[in-house]
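Descriptive analysis of the structure
Residue-level listing of the chains:
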Amino acid sequence: MSVMALSFSRLSTFEQCQTKFEYLYVNKLVKDQDNQYTIYGNRVHEALEKYGLAKADGTADAIEVLSDQTEYSEVKKYLPLVDRILGAPGQKLFEFQMAIRRDFTVCDWFDPDVWLRSIADVLVIHKTTAFVLDWKTGKVKMNPTQLKLFALMVFAHFPAVDTVKTAFVWLAHDDMTVDEYHRGQLKEMWDS
């Protein structure tokens, strides 16, 4: 029997309303509907990913990869931030998918025994330190559990990493929520 793959958003849904979780993910009686805010957030994430990948590859004019003037105007003010990230040392990964099994071993995204999934909007690996950035387009909401899960997933996927610095990047508010985790905290982090 396969297990249901979890993610921060699924765990959050369960904490908010177990009935909604059951309808969406167990019985699959309803489908979560996008609204204007999630549609906007998805567009911004996609545009920042396209820009970052094009700029990192150096294969095309990064501005040209943004499909139209609307897309460009939505993210124009955030592009210098992506440029700063790209100028920092280390390997840069955009929309990096991470998945693990219940025994904390790394697996493919669609493995039948995948237990937990996470996508880092931006992941920078530099020597023994990783930086995980999560773009947020809405209002500021504090939830350190998501940052902790990012760190745990990075520790699983990158055994040489000893420190993970995580951040919610509140794009509309020009603010960040940061946290730092160390490999020596793994048991305590999973226990929580």
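Above this text is the structure in question.
Residue numbering note: each chain is counted from 1, following its sequence as written. Totals for whole chains, interfaces and linings use every residue, but because this is a predicted model, local features are given only for residues with pLDDT of at least 70 and side-chain atom pairs only at 80 or more, for both listing and counting. Where side-chain values are given, they derive from all heavy atoms of the structure, hydrogens and water being excluded.

1. Details of the packing of aromatic side chains
Here a Phe, Tyr or Trp ring, Trp counted by its six-membered ring, pairs with any other such ring whose centre lies within 6.5 Å, and the pair is stacked when the planes are under 30 degrees apart, edge-to-face when over 60, and tilted otherwise. Counted according to the given criterion, the structure contains 5 aromatic pairs. Ring centres of Phe104 and Trp115 lie 6.1 Å apart, and the angle between their planes is 70°; this geometry places the pair in the edge-to-face category. Within this pair, whereas Phe104 is found in the loop between β1 (91-101) and β2 (114-126), its partner Trp115 is found in strand β2, the two being separated by 11 residues in sequence. Exposed residues in this analysis have more than 50% of their type's maximum accessible area, buried residues have under 20%, and partly exposed residues fall in between, with area computed by a 1.4 Å probe over protein chains only. Given the relative accessible area of 36%, Phe104 is considered partly exposed. Put simply, the rings of Phe104, Trp115 and Trp190 pair up and form one aromatic cluster. Distance and angle both matter: a charge sits over a ring if NZ of Lys or CZ of Arg is within 6 Å of the ring centre and within 35 degrees of the ring normal. For Arg102, the ring lying beneath its charged end belongs to Trp115, and the centroid distance is 4.5 Å. Here a helix means four or more residues in a row that DSSP labels H or I, a strand means two or more in a row labelled E, and each is numbered from the N terminus.

2. As for the sheet that holds strand β4 (residues 163-170)
Strand pairing is assigned whenever DSSP detects at least two bridges linking the two strands. Ordered in space as β1-β2-β3-β4-β5, the 5 strands form an open sheet in which the pairing is mixed. The two strands at the open ends of the sheet, each matched to only one other strand, are β1 and β5 (175-182). Averaged over neighbouring strand pairs, the angle between their axes works out to 30° when direction is ignored. Summarising the sheet, strand β3 (residues 129-136) and β4 pair through 8 bridges and their orientation is parallel. Across the sheet, residue Phe131 finds its bridge partner in β4, namely Lys165. We call two residues in contact whenever any of their non-hydrogen atoms come within 4.5 Å of each other. Between N-to-C directions, angles cover 0 to 180 degrees, with each direction set by a line fitted to C-alpha atoms, over the stretch in contact for helices. Against the sheet, helix α3 (residues 36-57) touches β1, β2 and β3, its axis set at about 120° to β1.

3. Considerations on the nonpolar core
Residues belong to a common nonpolar core when they are buried Ala, Val, Leu, Ile, Met, Phe, Trp, Tyr or Cys residues joined through side-chain atoms within 4.5 Å. If you look at the biggest cluster of nonpolar residues, it comprises 25 residues, and the most contacted ones within it are Leu123, Val154, Val161 and Val164. At the level of secondary structure, the elements contributing two or more residues to this core comprise β1, β2, β3, α6 (144-157) and β4. In terms of residues, this core owes the most to one element, α6, which gives 8 residues. Listed in part, the 20 residues of the second largest apolar core include Tyr72, Val122, Val124 and Leu171.

4. Here we look at the layout of surface pockets
The definitions used throughout rest on a 1 Å grid laid over the protein atoms alone, on which a cavity is an enclosed set of points accommodating a 1.4 Å probe that cannot get out and a pocket is an open set flanked by protein within 12 Å on both sides along at least five of seven lines; lining residues are those having an atom within 4 Å of a point. Grid points are joined across faces, edges and corners, and a volume is the space filled by probe spheres set on the points. Looking at the second largest pocket, its volume works out to about 420 Å³. Taken together, 18 residues make up the lining of the second largest pocket; nearest its centre are Leu81, Arg84, Ile85, Val169 and Met176. Tallying contributions element by element places helix α5 (residues 79-87) first for the lining of the second largest pocket, with 4 residues. The residue inventory of the lining of the second largest pocket, partitioned by class, reads 13 nonpolar, 1 polar and 4 charged. Throughout this entry, Asp, Glu, Lys and Arg are counted as charged residues, while Ala, Val, Leu, Ile, Met, Phe, Trp, Tyr, Cys and Pro are counted as nonpolar. The remaining residues, Gly among them, count as polar.

Without other data, these values stay purely geometric and don't point to any function.
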